[in-house]
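Okay, here's what each chain looks like letter by letter:
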Amino acid sequence: MTLKTPEQYVDSLRALKIRAYVNGAFVEGSVVDHPAVSPHVNTVAKTYELAHVPEHAELMTATSHLTGETIHRYTHIHQGPDDLVKKIQMLRLLGQVTGTCFQRCVGLDAMNATYAVSYEIDEAKGTDYHQRFLKYLEMVQREDLMVAGAMTDPKGHRAKKPGEQEDPDQYVHVVEQRPDGVVIRGAKLHNTGGINSHEILVLPGTAMQPGEEAYAIACAVPADAEGVIFVFGRQSNDTRKLEKGCDIGNTRFGVVGGEALIVFDDVFVPNDRVFLNGEIEHCGTLVNYFATWHRANYGGCKGGNADVLIGATALMTRILGTDKNTIVKDKLIEMVHLTETTYASAIGSSALGYQLPCGSWMVDPISANTVKQNITRNVYEIGRLSHDLAGGFIATLPGTDALDNPDIAHWVKKYYAANPDYDVEERIHVGRYIENATSVTTMVEAMHGAGSPQAQRIPMLAQANINAKIAMAKDVIHGKDDVPGLPLPMNDL
Ligand code: SF4
């Protein structure tokens, strides 16, 4: 089995004994059937479904460099710029089909980062982490598993490093080294898709210093391993997932990724699932590799999401009867311009990728960071333009239960009517979708996912090579030309 069907993905999740709490209550039975989680399961199921659609096979699948088998691109190690470009194209496609976050990219980037760094540790120290990871990866590819990457620690007091925290569990750490494995304790926050994954790939969330060896741990844990507990996060308007009618927004696929707090309450991890254990000097590289791939992604997935939002906004202008107005058209153009700018940067970052020592391929770092930096602004600006064109009613509209009450339904229909080609329910449905797709949860995810804005600006300064730019400026201003310049034109005035 190298390409699961969506039904096989859902059935395989149902077979797991995932311990999860949603709205404070333990989920009896499977998380798959919980209405707060099921939209996010549906989104991931789409990633499995499209791999079986012939017209999308080139983007959704790849050839394993380990086995030569056809595998899902979400389990693939990038073998060249072509793979990197196809990944971004795949993300845009999935963003267009679901209008939300499809979650599997975090695990993909975590696997690529672990693949590269386990190789580098082995080269430097003669360990066997890479061989262990290759066996793990082969299993993931063969069974087409969903792997969630888990990186962000709670971090406690932000002015203190992992080893300085009053509570040592603020960063995931090893509490016991055993001959057959390790026991880990701590938690990871903001975890995308972990609650509906088969596997959790735990990575350090920051560079480590001498004395912090216990915090330098990368390992793979089954999502239903003993001691793993998920506490599901709330989202804007999330109780609408329980409703019917036209108030629901994107209830089929949900808002962003269905994030959770994952607690690791003394979880045993056998040696064959441990890929870094105490090598502090490699933690920074692992974080950096992961973040760089993931930052480029945003030009793809958010581009696809923006396509759906642009479509909903343009439809709303038709419903309102404003679509012929040139100012309205110009604002739609601006939404397209912002979307295509970030997508082009992500494609460029991929096309300009370079080969890592392990043989896999990394995106161009400065353009990847630029993609994510633009996303922290452009998603807000695209949402602002959508609000501008959709109108204030998305914030003041009565609930659709008003349409069920014969005392007031006729007034709601009368006073929310616009272009007679569209009924009021359609206006409400599209308006609620726009409200949903531009919600606080969506915006905050665009701001902080793959690192907060400053996390991109710091490496951008290093990657921009300002000293080289100063040298360029000096050459242009003061340098001696080897080729004589052309005479300046005479000024007749
Ligand atoms: Fe993938 Fe985008 Fe979601 Fe990250 S935010 S997991 S890149 S869809």
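Residues numbered from 1 in each chain as written. Predicted model: local features only at pLDDT ≥ 70, side-chain atom pairs only at ≥ 80, totals over all residues. Heavy atoms only, no water.

Undergrad: Honestly, the environment of Val-44 in this entry has me stumped. Any pointers?
TA: Residue placement: Val-44 occurs in helix α2 (residues 38–50). Residues Val-44 and Cys-101, 57 residues apart in the sequence, show an inter-C-alpha distance of 8.9 Å. Once residues within four sequence positions are removed from consideration, Val-44 is found in contact with Tyr-9, Phe-102, Gln-103, Arg-104, Met-146 and Asn-196. (Helix = DSSP H or I, 4+ residues; strand = E, 2+ residues; numbered from the N terminus. Contact = heavy atoms within 4.5 Å.)

Undergrad: When you look at the side chain of Asp-109 in this model, what are you seeing that I'm missing?
TA: The topology assignment puts Asp-109 in helix α5 (residues 104–125). If near-sequence neighbours (up to four positions away) are discounted, Asp-109 is found in contact with Lys-87, Phe-290, Trp-293, His-294 and Asn-297.

Undergrad: Sorry if this is basic, but what is going on with the sheet that holds strand β8 (residues 199–202) here?
TA: Neighbouring strands of a sheet are bound in pairs by backbone hydrogen bonds; such pairs are parallel or else antiparallel. Pairing is mixed in the open sheet, where four strands are placed in the order β5-β8-β9-β12. In this open sheet, the two strands that pair with only one neighbour each are β5 (147–150) and β12 (274–277). For this sheet, the mean inter-axis angle between neighbouring strands, taken without regard to orientation, is 20°. Pairing of strand β9 (residues 217–222) with β12 involves three bridges; the strand directions are antiparallel. Following the sheet pairing, Cys-219 is matched in β12 by Val-274. α5 contacts β5, β8 and β12 of the sheet and is inclined by roughly 70° relative to β5. (Pairing = 2+ DSSP bridges. Axes fitted to C-alpha atoms, helices over the stretch in contact; angles between N-to-C directions.)

Undergrad: Help me understand the nonpolar core in this model?
TA: What tends to happen in soluble globular proteins is that the nonpolar side chains get buried as a cluster. With 44 residues, the main nonpolar core has Phe-133, Tyr-136, Leu-201, Leu-276, Tyr-289 and Trp-293 as its most contacted residues. Val-27, Val-31, Ile-200 and Phe-264 belong to the second largest nonpolar core, which has 39 residues in total. (Core = buried A, V, L, I, M, F, W, Y, C linked by side-chain atoms within 4.5 Å. Buried < 20%, exposed > 50% of the residue type's maximum accessible area, 1.4 Å probe, protein only.)

Undergrad: Where do I start with the packing of helix α4 (residues 81–98) against helix α8 (residues 326–351) in this structure?
TA: When two helices pack together, you describe them by how their axes are tilted relative to each other and by the distance separating the axes. It is at 7 Å that the axes of α4 and α8 come closest, and there the two elements cross at 155°. Relative to α8, the element α4 lies roughly antiparallel. α8 is crossed by α4, and the crossing has right-handed handedness. Contacts between α4 and α8 involve Pro-81, Leu-84, Val-85, Ile-88, Gln-89 and Arg-92 from the first element and Thr-339, Glu-340, Tyr-343, Ala-346, Ile-347, Ser-350 and Ala-351 from the second. Residue composition of the contact of α4 with α8, grouped by class: eight nonpolar, three polar and two charged. (Parallel < 35°, antiparallel > 145°, perpendicular 65-115°, else oblique. Left-handed = near helix turned anticlockwise from the far one by under 90°. Nonpolar A, V, L, I, M, F, W, Y, C, P; charged D, E, K, R; others polar.)

Undergrad: I would appreciate a short explanation of the sheet that holds strand β6 (residues 173–178) in the present structure.
TA: Strand order in the open sheet formed by six strands is β2-β1-β10-β11-β7-β6, and the pairing between neighbours is mixed. This sheet does not close on itself; its edge strands, each paired only once, are β2 (25–26) and β6. Bridging between strand β1 (residues 20–22) and β2 involves two bridges; their strand directions are antiparallel. What sits directly across from Val-22, in β2, is Ala-25.

Undergrad: Help me out: how do you make sense of empty space enclosed by the protein in this one?
TA: Picture a little ball the size of a water molecule; that probe, rolled over the atoms, points out where space is still empty. Within the structure shown, the criterion is met by two cavities of 30 Å³ or more. Taken as a whole, the largest cavity encloses approximately 290 Å³ of empty space. Among the secondary structure elements, those contributing two or more residues to the lining of the largest cavity are α7 (283–320), α8, α9 (365–390), α12 (424–437) and α13 (440–448). With five residues, the single largest contributor to the lining of the largest cavity is α7. For the lining of the largest cavity, the residue count by class is 12 nonpolar, 12 polar and two charged. Reported here for the second largest cavity is a volume of approximately 70 Å³. Forming the walls of the second largest cavity are Gln-235, Ser-236, Asn-237, Asp-238, Arg-240, Lys-241, Ile-248, Asn-250, Thr-251, Gly-254, Val-255 and Asn-436. Of the residues in the lining of the second largest cavity, the class split is two nonpolar, seven polar and three charged. (1 Å grid on protein atoms, 1.4 Å probe; cavity = no way out; pocket = protein on both sides within 12 Å on 5 of 7 lines; lining within 4 Å. Points joined across faces, edges and corners; volume = space filled by probe spheres on them.)

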